[in-house]
Amino acid sequence: MIDASPLPVQTGDGHRFELLARVPTQPRARLLWLPALGVAARHYLPYAEALAARGIAVYLHEWRGNGSSSLRPSRTQDWGYREILEHDLPASLAQMPEDAVTPLIIGGHSLGGQLACCFAGLHPQRFARVWLVASGTPYWRTFPAPRGWALPLVYRFLPWLAQRQGVLHGKKLGFGGTEARGLIRDWSRVGLNNHYAAAGMATDLEAGMRTLQGQATAVVMDHDWLAPPSSMQALLAKMPGMRAQLSVLSAQALGTRADHFAWMKTPEAVVERLFHSFE
């Protein structure tokens, strides 16, 4: 039997959202999952249900400004990595039932995987496992040529556009949703210099990731230009204390397109790779 009750969350700065949960009767582990940029938590329910059927309790975090979030980015509402790492993720974690026996995993898709690593580095004693799907650093040098050569221009243009418009209208560009300009600035800086930092936050995120110990399991798709294996490998390299396992899945293995998003509707192959690393 699986409990599917959403959990209401409120942060210290007044942000409200729902943590979507799929919890088996006797969970073997607990997973806090972070979505990709611009993707609402509900789109990961097939993935959560497939993991719950294998005994993994899954809690789907909601991005600030997306889905059930009480906020929407605008000229007067802005945020970046700091608000997510200092307010939102601690609030989601606090809503997960305490259990000293069941292992705690953090993971995510795309930007969610990146911030999962950053957050784990802020709490290295809490997380011994990191699960990453279709993720990796956006640093331009980790992308194959010639596409990678164009990325520095993108990382300079998008923050300028977001600042000019007050938000980034990502859907019109085919990238994310309506995004806060501070978030786009923080993300773009990583794309240019490969150094994770949050504006307004003094903590060294890179140093935190270097302290992590345990298991990092990563899955990428072999036709995903947004998260090539080289990008994932560069993200894993930031956690040298983690035993890293990287799988590249083909369209045949997935039963669908091997791109950035198609796996979410048919997640069985991804779930099998992640679950196998847990056994």
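Shown above is the structure to which this text applies.
What you are looking at is a predicted structure, and each value in this text was computed from that prediction instead of being measured.

To continue, consider the nonpolar core. Membership of the largest hydrophobic core comes to 60 residues, with the highest contact counts inside it found for Tyr81, Ile106 and Leu132. Among the elements that take part in this core, helix 3 (residues 111-122) stands out by supplying seven residues, more than any other. Ignoring sequence-local partners within four residues, the contact set of isoleucine 106 consists of Leu31, Leu32, Leu34, Ala116, Phe119, Ala120, Phe127, Arg129, Val130 and Trp131. Membership of the second largest hydrophobic core comes to 33 residues, among which are Ala29, Val39, Val219 and Met221.

To continue, consider the side chain of aspartate 186. Following the sequence through the fold, aspartate 186 ends up in helix 6 (residues 181-193). Assessed through its relative accessible area of 2%, aspartate 186 is described here as buried. A polar side-chain atom of aspartate 186 sits 2.8 Å from the main-chain amide nitrogen of tyrosine 81. Filtering out sequence-adjacent residues up to four positions away, aspartate 186 remains in contact with Gly80, Tyr81, Arg82, Ala197, Ala198 and Ala199.

Below, the discussion takes up the pairing of strand 10 (residues 214-221). The element strand 10 is largely enclosed, with a buried count of eight among its eight residues. Pairing geometry for strand 7 (residues 129-133) and strand 10, over five bridges, is parallel. Bridging from a neighbouring strand, tryptophan 131 pairs with threonine 217 of strand 10. Sheet topology places strand 10 next to strand 11 (residues 242-249); eight bridges connect them, and they run parallel. Among the inter-strand pairings, threonine 217 is bridged to a residue of strand 11, identified as glutamine 245. Following the backbone out of strand 10, through helix 8 (residues 229-236) and into the adjacent parallel strand 11, one traces a crossover that is right-handed.

As a further point, take helix 1 (residues 45-52). Counting buried positions along helix 1 gives six out of eight residues, so the element sits mostly inside the fold. In this structure, the buried residues of helix 1 make contact with strand 1 (2-3), strand 3 (16-24), strand 4 (29-34), strand 5 (56-60), strand 7 and helix 10 (268-278).

Taken as a whole and judged by the stated rule, the model has twelve salt bridges. In this structure, glutamate 206 engages lysine 238 in a salt bridge whose closest nitrogen and oxygen atoms are separated by 2.9 Å. Of this pair, glutamate 206 sits in helix 7 (residues 205-210) while lysine 238 sits in the loop between helix 8 and strand 11, and the two are 32 residues apart along the sequence. Both residues of the pair, glutamate 206 and lysine 238, belong to the buried class. Across the pair arginine 257 and aspartate 259 runs a salt bridge whose closest N-O atoms are separated by 3.0 Å. Taking relative accessible area as the criterion, arginine 257 reaches 54% and is therefore assigned exposed. Taken together, the shared-partner salt bridges in this structure form one network comprising Asp13, Arg64 and Asp88.

Turning to the state of the cysteines, a few remarks are in order. Tallying each qualifying case throughout the model produces zero disulfides. Distance from the sulfur of cysteine 118, which forms no disulfide, to the nearest cysteine sulfur (cysteine 117) is 6.9 Å. Given the relative accessible area of 0%, cysteine 118 is considered buried.

All right, on to the environment of leucine 7 then. Following the sequence through the fold, leucine 7 ends up in strand 2 (residues 7-10). Overall, leucine 7 belongs to the partly exposed group, its relative accessible area being 22%. Non-local contacts of leucine 7, meaning those with residues more than four positions away in its chain, are made with Phe17, Glu18, Leu19, Tyr59 and Gln95.

Turning next to the pairing of strand 3. Of all nine residues in strand 3, seven are buried; the element is thus mostly enclosed. In terms of strand pairing, strand 1 meets strand 3 through two bridges, oriented antiparallel. Residue aspartate 3 lies in a different strand from strand 3, and its bridge partner there is valine 23. In this structure, the hairpin formed by strand 2 and strand 3 is closed by a connection of five residues, where glycine 14 is found at a positive phi of approximately 90°. The pairing of strand 3 with strand 5 spans three bridges and is classified as antiparallel. Residue pairing for strand 5: alanine 21 is matched across the bridge by tyrosine 59.

Conventions adopted
Residues numbered from 1 in each chain as written. Predicted model: local features only at pLDDT ≥ 70, side-chain atom pairs only at ≥ 80, totals over all residues. Heavy atoms only, no water. Core = buried A, V, L, I, M, F, W, Y, C linked by side-chain atoms within 4.5 Å. Buried < 20%, exposed > 50% of the residue type's maximum accessible area, 1.4 Å probe, protein only. Helix = DSSP H or I, 4+ residues; strand = E, 2+ residues; numbered from the N terminus. Contact = heavy atoms within 4.5 Å. Polar contact = N/O pair within 3.5 Å; in protein donor to acceptor, adjacent residues only side chain to side chain. Pairing = 2+ DSSP bridges. Right-handed = clockwise from strand over helix to strand, strands pointing away. Salt bridge = Lys/Arg side-chain N within 4 Å of Asp/Glu carboxyl O. Disulfide = S-S within 2.5 Å.

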